[in-house]
Amino acid sequence: HTLVFDSLFESGNLYQVYQLSEYEYELVLKNDYNTNGHTQWYFFSVSNTRKGQTYKFKICNFYKRSSMYGRGLRPLLYSEKEAKKDAGGVGWHRCGTNISYRRNDYVYSKKKEGKPK
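Below is a summary of the structure that appears in this document.

1. Some points on the overall build of the protein chain
When helices and strands are counted, the protein chain shows 1 helix and 7 strands. The order of α-helices and β-strands along the protein chain, N terminus first, is β-β-β-β-β-β-α-β. Taking all 117 residues of the protein chain together, the buried fraction comes to 21%. By sequence separation, contacts in the protein chain at least 24 residues apart represent 56% of the contacts at least 6 residues apart. Taken as a whole, the protein chain presents about 9400 Å² of accessible surface, with 49% of it coming from carbon and sulfur.

2. Some points on the pairing of strand S2 (residues 14–21)
Sheet topology note: the S2/strand S3 (residues 24–29) ladder contains 6 bridges and is antiparallel. In the sheet register, Gln19 faces S3, and the bridge partner there is Tyr25. Linking S2 to S3, which pair antiparallel, is a turn of 2 residues.

3. Observations regarding a nonpolar patch on the surface
A cluster of nonpolar side chains, Phe9, Trp41, Phe43, Leu76, Tyr78 and Trp92, forms an exposed patch at the surface whose accessible area comes to about 570 Å². Along the chain, Leu76 turns up in strand S6 (residues 76–78).

4. Quick look at the nonpolar core
Among the nonpolar cores identified, the biggest contains 11 residues, and these are Leu3, Phe5, Leu14, Tyr25, Leu27, Leu29, Phe44, Tyr55, Phe62, Tyr69 and Tyr101. With 3 residues, the top contributor of residues to this core is S3. Apart from the residues lying within four places of it in its own chain, the contact partners of Leu3 are Tyr25, Val46, Ser47, Asn48, Thr49, Tyr55 and Phe57.

Thresholds applied
Residues numbered from 1 in each chain as written. Predicted model: local features only at pLDDT ≥ 70, side-chain atom pairs only at ≥ 80, totals over all residues. Heavy atoms only, no water. Helix = DSSP H or I, 4+ residues; strand = E, 2+ residues; numbered from the N terminus. Buried < 20%, exposed > 50% of the residue type's maximum accessible area, 1.4 Å probe, protein only. Contact = heavy atoms within 4.5 Å. Areas by Shrake-Rupley, 256 points an atom, 1.4 Å probe, with all protein chains shown as cover. Pairing = 2+ DSSP bridges. Patch = residues over 30% accessible without salt bridge, like charges linked within 9 Å, V, L, I, M, F, W, Y side chains within 5 Å. Salt bridge = Lys/Arg side-chain N within 4 Å of Asp/Glu carboxyl O. Core = buried A, V, L, I, M, F, W, Y, C linked by side-chain atoms within 4.5 Å.

In structure tokens:
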């Protein structure tokens, strides 16, 4: 059972996903635009999940020395199922447990192909 990741939509920035174990994934994000290789946000979708199953996502290429995640901030998630619930369901909500942030030295580089000489 493998999750399906997608970011082929406006502002989507997921570049690669590696499945480390049955429920653990390592994610590489595209660099933010107009930066020298920085990545400070993420936007992608995940489907084919199992109800009640916990998944672990490791985002590899965040570079800031500290983050609000270290102070209790939790990721924002949108659920189509929750948004469609009766009585005005709420699609966007904070989620996640055991969230940690550690700066790492992972380097994502997508080299531009030069023009032939």
